[in-house]
There are 2 protein chains.
Amino acid sequence: MTSARPEAAATRGGAIAENGEHRLTTGPVAGSSKVYLEVPGAPHLKVPERRVHLSNGEHLDLYDTSGPYTEGTAEAPAPSIDVRAGLPRTRDAWTRPAPVDGASTQLAWARAGIVTDEMRYVAAREGVDVQLVLDEVARGRAVIPANHRHPESEPMIIGKAFGVKINANIGNSAVTSSIEEEVEKMVWAARWGADTLMDLSTGKDIHETREWIMRNSPIPVGTVPMYQALEKVKGDPAALTWEVYRDTVIEQAEQGVDYMTVHAGVLLRYVPLTARRVTGIVSRGGSIMAAWCLAHHQESFLYRHFRELCEIFREYDITFSLGDGLRPGSIADANDAAQFAELRTLGELTKIAKSYGVQVMIEGPGHVPMHKIVENVRLEEELCEEAPFYTLGPLATDIAPAYDHITSAIGAAIIAQAGTAMLCYVTPKEHLGLPNRDDVKTGVITYRIAAHSADLAKGHPRAQLRDDALSRARFEFRWHDQFALSLDPDTAREFHDETLPAEPAKTAHFCSMCGPKFCSMRISADVREYAEKNGLDTVEAIEAGMAEKSAEFADAGGRVYLPVTTA
Amino acid sequence: MTSARPEAAATRGGAIAENGEHRLTTGPVAGSSKVYLEVPGAPHLKVPERRVHLSNGEHLDLYDTSGPYTEGTAEAPAPSIDVRAGLPRTRDAWTRPAPVDGASTQLAWARAGIVTDEMRYVAAREGVDVQLVLDEVARGRAVIPANHRHPESEPMIIGKAFGVKINANIGNSAVTSSIEEEVEKMVWAARWGADTLMDLSTGKDIHETREWIMRNSPIPVGTVPMYQALEKVKGDPAALTWEVYRDTVIEQAEQGVDYMTVHAGVLLRYVPLTARRVTGIVSRGGSIMAAWCLAHHQESFLYRHFRELCEIFREYDITFSLGDGLRPGSIADANDAAQFAELRTLGELTKIAKSYGVQVMIEGPGHVPMHKIVENVRLEEELCEEAPFYTLGPLATDIAPAYDHITSAIGAAIIAQAGTAMLCYVTPKEHLGLPNRDDVKTGVITYRIAAHSADLAKGHPRAQLRDDALSRARFEFRWHDQFALSLDPDTAREFHDETLPAEPAKTAHFCSMCGPKFCSMRISADVREYAEKNGLDTVEAIEAGMAEKSAEFADAGGRVYLPVTTA
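Residues numbered from 1 in each chain as written. Chains lettered and ligands numbered in written order. Predicted model: local features only at pLDDT ≥ 70, side-chain atom pairs only at ≥ 80, totals over all residues. Heavy atoms only, no water.

Under an unreviewed UniProt entry, the name given to chain A is Phosphomethylpyrimidine synthase, and the source organism is Sediminihabitans luteus. Annotation of chain A in UniProt includes, under Pathway (unreviewed entry), the sentence "Cofactor biosynthesis; thiamine diphosphate biosynthesis." The UniProt entry for chain A carries the following text under Sequence similarities (unreviewed entry): "Belongs to the ThiC family." (UniProt positions renumbered as here; feature names shortened; annotations may be inferred.)

In structure tokens, the structure reads:
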């Protein structure tokens, strides 16, 4: 029962390497190593997986978002990382098909029946047939956010037919933070399972911060171009113009931003619908556009120039994330007229974007009580042709600031089960302050829980393998394996060691909750042993009518508990 | 916008008073004070509430579980607490009706149409008509766990027609902990919102520990008598006898235990049904009884002597919590034959208990993926005559040890929405170690989130008042009020102060997430101001067909944003 493999050090325990001037977290997650899956017929595609090594000689390979940063070993972590040079521009060497009807996008190619390297890559990554990827992308029910100018990215797919994804937000701000911290935040978020990253920086050096992140990010990066555009007009919404906004979009497109949040659904006539709300307009982009519309007595320039945006997006293959600028900011405002009016407009814009061959996601709430969650998915699918839904939580109650990762994980799990394709994380600092390093990790792990719970509920073919492997390890008191299979091996081990730090406790057949005498797992094992020793007929003799069941057990080796097989 | 009331100190900031030899946490929760509601026609009944004082001169009264410990002020907390003397024996002075058919229980009295003081008390506490309480108790769909020998308790009701309740587990163990710590844990858990407490102590001094807890607990206390019975036979399940168990039950009944978990549904013939499970039997009580059954080749003595237990319980008015000894311990084992076979037997036992006039709850899982949760409630209601369901989580996935308060809060919120009456909390240490003080608080707050989310989803008449009050405070930048209305005011304030500690920031019209320029709440307020300044016709003029809406706005005072009214 003891482990034969070398023990990987915990992340916080020392696998922090200095690279150039910047301290990045590198080296494998405890108990695992990075492996690359070869794609049959496409040897240039190397799909990353995290291999968890178990003490019984078996292993489990997991979906991995962490990029090259987790290569190497705990002793010699990721030797090739150089943040000044950026990650290898891997996708530059891949084949890019010719434009179709002016669009160089995964959507246009999928519609034309052209299988791209990105499609092959994500199919292997998800463990599905490439035809499923092609079909889902072609009908707009899945997107592969992959700007041609972000060749460092490892392609991934967002859609209800695939594993539920999560997004982490980072960003500097006028109040605190530095560029170096932002890059490490990205590496840190990806390490724990963020599938995409939104850079919501609003302060100075916004262009340079983003450049560093793009060149070092293995995961797709999204932005809200409005934030930078507003910087350019010194923070006065009324001073915004289509030209300033468009130039900002192009600037970011050139840097390689993979998807952009555009609040083009906030129409002038919807603003009064927010009048009776408890919390008005809580989206920054939404409130900026509402202010602009009222100040100019004009319809939103984002709405009026939407087709021009499509023409830009289709050149780079930027994916629209149509923003919900009128999302509810409180339980009281959930599913109201303003929210659903905007959603209807987003449906209209979805059709326009797709007519240009541009990929589209739809952003969703926010704050929604549990009984009103499913309606959001139903309506989004009806109005927006099942474009991937990308929701912020939602928070199932307003009364727990400091715990909004939890209030929102409840809503996130439910909305993902109902069909939401990607969940935007919420950290414990939501509504209160800026997330620090621990908050980012807590947010990511919490959202991996929500996403995985939904994958289980949706019957995702791979999801339960990990639950089963961990539960078997738990039942067999393979503590090291239980830690290694956890979403957060370091904290699981740390919590265990708080009560029972000694190494023998890692293989002990009890844990600290009940102590050695009362452990139910232990007693349960004793029950099995007892039955084995006495033969199944001991049980048979007591109970009549068990003959059929008994035969089944006898077939299985004559033991009450079957031998455990791991995934 | 500044507060006129004195600022209550944060709990961790100094409101820890020393009483006798024991340090108990006393004084009000930050931003609130204890008040007592008078019950019309029953002036001897004083129902506790927590009054949250708002800076706009309004207040909100909340359900309060904390007992006399939160009386007084931050400066002079709860002066009358003396842990050596115990709490006042308030219920000794209440009227106790004569037995009905040999049963001195709330169920027997309700069936006879007798309204007890306990029923009046819980009706006032829940804000409902006493007739609803009488009806629900009479049909066995709600219970009031109140042993006559626990007169210190503040009665509460558990049933799907009322607010969802939560239970916190505490207990010493062979490995660590002391009696003094256990009493403080009870006070601490009740402070943050535990409705009931289970004392799961298994070590030495088990009787004395419980006596201290009982005499000082304002909330009902439950136990698993099997744990102490097993102590008496030196931890050998095979040595257990009905007599040892019965004497233990009587010993605990005399001390005032309000409800007891009895694993009487683990029948000999169900044990082989766990053979193919990934995690066997994970309930301690369940595994003990399974071991006993196999060792003796006999049916469970709990099952065989169940009617004798009923005769004891009806004398004290102890409520059965029929244990789910075969609950699933992993996603793989959820809703399996063993689990549901036992549930069927619990239904049979429910009918027997009720025939003796004894109140009954049914314990539920455990580990269940989201799509299998609702079936648990449906079947429990069908088989057990809608006796209140009392579940442990369930955890929606197995893969996140160290975060199982979150994995289980997802399941708990869903199962409570479906009709579960009480949720047993799970702390971050579940599966790993013993919860410390912070873990207990985290578990309680997390479960208050799950319970409240379910109350909202079920349309509980009072629930949304708190969400609305907090959201209004948030929108109006009343930071102190936002903290005070939170489930955990101390942590909310602490998180805010990490980024913006200065006192002016508490009234600033922005927060640290976006900084002063980009705050959507701020811009949203500016939109309102703009509209106010220009009159509603500015908006009207732009959009045709808004006449009807406009009239509505004009009626409301001609402003885009209505004046905010608080609960």
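That covers the picture; the talk isn't over yet.
Peer 1: Sorry, what's going on with helix α6 (residues 225-232) of chain B here?
Peer 2: For the α-helix, the turn length of 3.6 residues means that residues three or four positions removed from each other point alike. All names here are of chain B. A large share of α6 lies buried, amounting to six of its eight residues. Buried within α6 we find Pro225, Met226, Tyr227, Gln228, Ala229 and Leu230. Just downstream of α6, Lys234 is the residue with a positive phi angle, here 60°. (Buried < 20%, exposed > 50% of the residue type's maximum accessible area, 1.4 Å probe, protein only. Helix = DSSP H or I, 4+ residues; strand = E, 2+ residues; numbered from the N terminus.)

Peer 1: Would you explain the pattern of salt bridges in this entry?
Peer 2: Any two side chains of opposite charge can pair, so long as their charged atoms come close to each other. A full pass over the atoms with the stated rule returns 64 salt bridges over all chains. The residue Asp247 of chain B makes a salt bridge to Arg246 of chain B at a minimum N-O spacing of 3.3 Å. Where Asp488 of chain B meets Lys441 of chain B, a salt bridge forms, and the shortest distance between an N and an O atom there is 3.1 Å. Here the residue Asp488 of chain B occupies a position in the loop between α16 (479-484) and α17 (489-499), and Lys441 of chain B occupies one in helix α14 (residues 437-458), the gap between them amounting to 47 residues. For Asp488 of chain B, a relative accessible area of 0% gives the class buried. By relative accessible area, Lys441 of chain B is classed as buried at 4%. Connected via shared salt-bridge partners are Glu136, Arg139, Arg141, Lys160, Glu381 and Glu386 of chain A. (Salt bridge = Lys/Arg side-chain N within 4 Å of Asp/Glu carboxyl O.)

Peer 1: It is not clear to me how the UniProt feature "domain: ThiC-associated" (unreviewed entry) in chain A should be interpreted in this structure. Could you clarify?
Peer 2: Using the residue numbers shown here, the UniProt feature "domain: ThiC-associated" (unreviewed entry) corresponds to residues 29-95 of chain A. Across residues 29-95 of chain A, the secondary structure splits into 0% helix and 37% strand, with the terminal C-alpha atoms separated by 32 Å.

Peer 1: Teacher, can you tell me more about the environment of Trp192 of chain A here?
Peer 2: Relative to the assigned elements, Trp192 of chain A resides in helix α4 (residues 179-192). It is 8.6 Å that separates the C-alpha atoms of Trp192 of chain A and Val29 of chain A, two residues lying 163 residues apart in sequence.

Peer 1: It is not clear to me how the packing of aromatic side chains should be interpreted in this structure. Could you clarify?
Peer 2: Remark: the centre distance and the inter-plane angle together describe each pair of aromatic rings, the angle taken between the planes. Residue and element names in this part refer to chain A. In the structure shown here, the tally under the stated rule is 18 aromatic pairs over all chains. Summarising the aromatic geometry, the rings of Tyr259 and Tyr390 are spaced 6.2 Å apart at their centres and angled 85° between planes, so their arrangement reads as edge-to-face. Within this pair, whereas Tyr259 is found in strand β11 (residues 259-262), its partner Tyr390 is found in strand β14 (residues 389-392), the two being separated by 131 residues in sequence. Residues Tyr259 and Tyr390 agree in their burial class; the two are buried. (Phe/Tyr/Trp six-rings, centres within 6.5 Å; stacked < 30°, edge-to-face > 60°.)

Peer 1: I keep staring at the confidence of the model for chain A and nothing clicks. Help me out?
Peer 2: Regions with low pLDDT carry predicted coordinates that are not meant to be interpreted in detail. All names here are of chain A. Summary statistics for chain A give a mean pLDDT of 87 and a share of 83% for residues scoring 70 or more. Confidence drops under a pLDDT of 50 for residues 1-22, and excluding neighbours within four residues, the segment shows 53 contacts in the predicted structure. This stretch, residues 536-567, has a pLDDT under 50; its non-local contacts, to residues over four places away or in other chains, come to 51 contacts. Both scores are available for the predicted complex, with the pTM at 0.91 and the ipTM at 0.90. (pLDDT = per-residue confidence, 0-100. Contact = heavy atoms within 4.5 Å.)

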